[in-house]
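Below are the chains, spelled out letter by letter.
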Number of protein chains: 2
Amino acid sequence: MTKIKMSNQHENGGGNGNEFVERRRASLERYLNRTAQHPVLVVDPDFREFLESDVELPKATNTSALSGAGVMRLFNKVGETVNKITYKMDETDPWFEDKLIHIESLETQLRKLHTNVENMVIYRRELANLTNGVSRSAAMLSACEDHNSLSKALSHLADTEEKVEALHLEQANTDFFILCELLKDYLGLLSAVRDAFHERTKLFQHWHHAQQMLAKKRETKTKYELACRTDKLDQAATEVLEWEAKVERGQENFDKISKMIKMEMERFEKCRIKDFKAMFIKYLENHLEHQAQLVKYWENFLPAAESIA
Amino acid sequence: MTKIKMSNQHENGGGNGNEFVERRRASLERYLNRTAQHPVLVVDPDFREFLESDVELPKATNTSALSGAGVMRLFNKVGETVNKITYKMDETDPWFEDKLIHIESLETQLRKLHTNVENMVIYRRELANLTNGVSRSAAMLSACEDHNSLSKALSHLADTEEKVEALHLEQANTDFFILCELLKDYLGLLSAVRDAFHERTKLFQHWHHAQQMLAKKRETKTKYELACRTDKLDQAATEVLEWEAKVERGQENFDKISKMIKMEMERFEKCRIKDFKAMFIKYLENHLEHQAQLVKYWENFLPAAESIA
């Protein structure tokens, strides 16, 4: 996903170009950190080379032709091909069935939460803008207020609302960069988990295809044996051996991916819990800090209000 | 203004009927309190009768025919009549000129502040709705989360966001009923002050009109004297006396309203400063209370986040 060049940044950034770039930068940083935390990927030579490379990165000229619609067409094509070779797999291990149901329901609920948090961020930003309007009009009212201490209090209100505006923006950023972006990352990761489960289904199908082919080849060999067709028997025996090896490799691959997925899922679950815990604590700390700051702002305003005479 | 029956409450209430009624009730309560605080109006027999009346108030059947457009037509008509008899008054007292400029600029800035605060209230209410969405989706995510302590933390997040939602609504109400409605009342009061100033201008015009008439009547009397028209002289002398009395009454009325306005303005300014001071302090106390409450909510959430394992 990190390779897809965004064709329309405003659609995705929800703001100006700078905001989009900052959002993208933070997202790529998290991607690199995740990769570096994985025991296999961290020793991957390509990853190391990318991190240690001193030369400037080449421009992504090949991807520039990929429009949003083009990417979707590509995805749909891949999807169709996959669908054609997909048939109902007889699951032998209930662990996978349970896990997939869990992953899919988590994804559905995470997506809803993500949308709701995103909307909250948009409205908090808008609230900050409106608070700025209140601050500006309080300042203007203060300027044309004859009564000295009331004018001072209005000017103090203007200052306070300006600080509150900045805090609303910070709160929006906390909601966005801490909560919203983690949810977005996990939506991507859960989708990658589903992809891994799908790969296992494909390997199961390859293995079963090999079994069917082996059965056919054995039938052919038996037929030649009964017909005493020694001229064809050698070829048939070789093919049986070939498909026996394929079946064996197919089963090996399937067992290997099943084991690997269980192992990786264990790691993924640990990371997920750890990430959510860290997110919650950081989110809380930020909000507590903002609230404390707000209390201070309003408290500072109190003397100005009380000295109106 | 309190007599105008609203033809379309949704247009003015911005919400459902109950909200409109509550807003109107609070507005009328403030109107009665203001009236009761005025040294002259508090002893007014109509006001006392209204307050002490035991019988049910009659239905406002006469006003039901006043549509919004009808009211506007009425206002425009009155406006035209006033404009016709208005001409530039030579102000003899700079106090009135300065005061009117001040009142008008205050009104302009108050109106801007009022609009901005009103918009802020709308967005804070919307933010509360969106927070409710976050709460609900966090609760649903919690329900399908297998990991026990993470599920508990998500459920705690849902509870916290629900409380935050209620607090956002309370903050919106603070902004609205304390800040926004005071501004609205003062927009009405400043407009009443301008009306009083306008009444003074009208009395000035009546007085000058009487002076002009007296000059004419004296001219007529002199003409009759020179022409020895004793038959008309008595009538002319009576009219001169009449207009002399009218001039005197005109000047008296003008002096009285000028003095009264200065006295009332002094009272109005004192009330204004007192009201704004009381508003600021109540507003601050409310906001401080809300912020302290929010800090408590987030602090209560902290143990749930820390016990994720």
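So, here's what we can say about the structure. Predicted model, so just to flag it, every value in this text is computed and none were measured.

## A word on the nonpolar core
Formed by 109 residues in total, the largest nonpolar core has its most connected members in Phe280(A) and Phe280(B). Elements with a minimum of two residues in this core: α5 (94-143), α6 (148-226) and α7 (230-306) of chain A together with α5 (94-143), α6 (148-226) and α7 (230-306) of chain B. Setting aside residues up to four positions removed in sequence, Phe280(B) forms contacts with Leu150(A), Ala153(A), Leu154(A), Leu157(A), Phe301(A), Ala305(A) and Ile308(A).

## Quick notes on the pattern of salt bridges
Residues and elements named next belong to chain A. Scanning the model with the defined rule gives 40 salt bridges over all chains in all. A salt bridge links Arg30 to Asp185; its shortest N-O distance comes to 2.4 Å. In this pair, Arg30 sits in helix α2 (residues 17-37) while Asp185 sits in helix α6, placing the two residues 155 residues apart along the sequence. Judged by its relative accessible area of 10%, Asp185 falls in the buried class. Each of the salt bridges in this network shares a partner with another, and the network as a whole consists of Arg23, Arg30, Arg34, Glu118, Glu181, Lys184 and Asp185.

## Notes on the relation of the copies chain B and chain A
Once chain B has been moved 0.0 Å along the axis and rotated by 180 degrees, it coincides with chain A to within an RMSD of 0.1 Å. Interpreted geometrically, this transformation is the action of a two-fold axis. For chain B, the minimum C-alpha distance to the rotation axis belongs to Gln291(B) and amounts to 3.0 Å. Here 100% of the contact residues of chain B are again contact residues in chain A; the copies associate through an equivalent surface.

## Notes on the packing of aromatic side chains
By the definition in use, this model includes 21 aromatic pairs over all chains. Note on Phe301(A) and Phe280(B): the rings are 5.4 Å apart at their centroids and 65 degrees apart in plane angle, and the pair reads as edge-to-face. Note that Phe301(A) is positioned in helix α7 and Phe280(B) in helix α7, a pairing that runs across two chains. Like Phe301(A), the residue Phe280(B) is buried in the burial classification. One aromatic cluster is present, formed by Trp95(A), Phe96(A) and Phe197(A) through successive ring pairs. Lying over the aromatic face of Phe96(A), Arg200(A) brings its terminal NZ or CZ to 3.5 Å of the ring centre.

## Observations regarding the interface of chain B and chain A
If you look at the interface, chain B gives 55 residues, while chain A gives 55 residues. Buried surface at the junction of chain B and chain A, both sides included, amounts to about 5,300 Å², of which 79% is carbon and sulfur. Between chain B and chain A we count 2 salt bridges in total. Measuring nitrogen to oxygen at the nearest pair gives 2.7 Å for the salt bridge that ties Arg272(B) to Glu145(A).

Parameters at a glance
- Just so you know, the residues in each chain are numbered from 1, in the order the chain's sequence is written.
- Ligands are numbered from 1 and chains lettered from A, in the order in which they are written.
- Under the rules for a predicted model, residues below a pLDDT of 70 receive no local features and side-chain atom pairs below 80 are neither given nor counted, while totals for whole chains, interfaces and linings still include all residues.
- To obtain the side-chain values, all non-hydrogen atoms of the structure were used and water was disregarded.
- By nonpolar core is meant a set of buried Ala, Val, Leu, Ile, Met, Phe, Trp, Tyr and Cys residues that side-chain atoms within 4.5 Å join together.
- Burial classes follow relative accessibility: with a 1.4 Å probe on protein chains only, a residue under 20% of its type's maximum area counts as buried, one over 50% as exposed, and anything between as partly exposed.
- Counting from the N terminus, the helices are DSSP H or I runs at least four residues long and the strands are E runs at least two residues long.
- Note on contacts: a residue pair is in contact if any heavy atoms of the two residues lie within 4.5 Å.
- The salt bridge definition used is simple: a Lys or Arg side-chain nitrogen within 4 Å of an Asp or Glu carboxyl oxygen.
- C-alpha atoms of residues with pLDDT of at least 70 in both copies form the basis for the least-squares superposition of the copies.
- Only the six-membered ring of Trp is used, alongside the rings of Phe and Tyr, when aromatic pairs are assigned; centres must lie within 6.5 Å, and planes under 30 degrees apart are stacked while those over 60 apart are edge-to-face, with the rest tilted.
- Two limits define a charge over a ring: the Lys NZ or Arg CZ must be within 6 Å of the ring centre, and within 35 degrees of the ring normal.
- Joining two parts hides part of their accessible area as seen by a 1.4 Å probe, and the buried area is that hidden amount summed over both.

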